[in-house]
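Architecture and fold: a report
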Amino acid sequence: ASAPRVGYAFSDGSVRKGQQMKTAAAFHLYSQQTLLYSGAVAAGRATPHDVEMVGLALAIGALTPLPDLDELHFYCDSKSALQSILETSIRPSQGLSVVACEHIRAWLLSHPGDVYFHWCPGHVGITENEAVDEGLPLIVPVVGSQTCRQ
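Structure report, in brief. (Residues numbered from 1 in each chain as written. Predicted model: local features only at pLDDT ≥ 70, side-chain atom pairs only at ≥ 80, totals over all residues. Heavy atoms only, no water.)

1. Observations regarding the overall build of the chain
- When helices and strands are counted, the chain shows four helices and five strands.
- Partitioning the contacts of the chain with sequence separation of at least 6, the portion at a separation of at least 24 is 66%.
- For the chain, the exposed area adds up to about 8,400 Å²; of that, 55% sits on carbon and sulfur atoms. (Helix = DSSP H or I, 4+ residues; strand = E, 2+ residues; numbered from the N terminus. Contact = heavy atoms within 4.5 Å. Areas by Shrake-Rupley, 256 points an atom, 1.4 Å probe, with all protein chains shown as cover.)

The following block contains the structure:
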């Protein structure tokens, strides 16, 4: 039997202190230790928990459609985001959880493998986690620079 094809994602959220809660979320997708895709988004004004949820939800939405993966692993340095990403009760991040559950459920129904969620400590030298974190300062300053006119 061949080794399972494993897909894994590292996600992170960032709040720029002193900048009126300007936030960003990012993720990196890997398969067999090869970087497949990186994504980031400015998240506007959000709490640290919510922006971590955005990063994790984006990673789930990006990794689950990839073909030929036998296992999915999601890594995040926010225990609270990991504990609540699949919790769909009424709360501020409910929409993110509902979408994440839809992606995970669809993947589980169409694949024989398993999905795992892992907490990893931030800023301790885990290469993939540091790589996601390094890209966030490039995104955060963009938040709030757009103007809306009537």
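Having seen the model, we can carry on.
2. Some words on the sheet that holds strand β1 (residues 6-16)
- An order of β3-β2-β1-β4-β5 is seen for the five strands of this open sheet, with the pairing classed as mixed. Whereas interior strands pair on both sides, the edge strands pair on one side only; in this sheet they are β3 (34-45) and β5 (114-119). Taken pair by pair, the neighbouring strands of this sheet meet at an average axis angle of 15°, ignoring direction.
- Across six bridges, the pairing between strand β4 (residues 71-76) and β5 is parallel. Across the sheet, the residue bridging to Glu71 is Asp114, located in β5.
- Lying over the sheet, helix α1 (residues 48-63) contacts β1, β2 (22-31), β3, β4 and β5, oriented at roughly 155° with respect to β1.
- Strands β4 and β5 of the sheet are contacted by helix α3 (residues 94-110), whose axis makes an angle of about 140° with β5. (Pairing = 2+ DSSP bridges. Axes fitted to C-alpha atoms, helices over the stretch in contact; angles between N-to-C directions.)

3. As for the packing of aromatic side chains
- As enumerated under the stated definition, the model contains seven aromatic pairs in all.
- Seen from their ring centres, Phe10 and Tyr30 are 6.3 Å apart, and the 90° between their planes marks the pair as edge-to-face. Here Phe10, found in strand β1, pairs with Tyr30, found in strand β2; they are 20 residues apart in sequence, far enough to count as distant. There is no split in this pair, since Phe10 and Tyr30 are both buried.
- Put simply, the rings of Tyr8, Phe10, Tyr30 and Tyr75 touch in pairs and so form one group of aromatic residues.
- We note Lys79 situated over the ring of Trp119; from NZ or CZ to the ring centre the distance is 4.4 Å. (Phe/Tyr/Trp six-rings, centres within 6.5 Å; stacked < 30°, edge-to-face > 60°. Buried < 20%, exposed > 50% of the residue type's maximum accessible area, 1.4 Å probe, protein only. Lys NZ or Arg CZ within 6 Å of the ring centre and 35° of its normal.)

So far we have only geometry, and geometry alone does not tell us how the molecule works.
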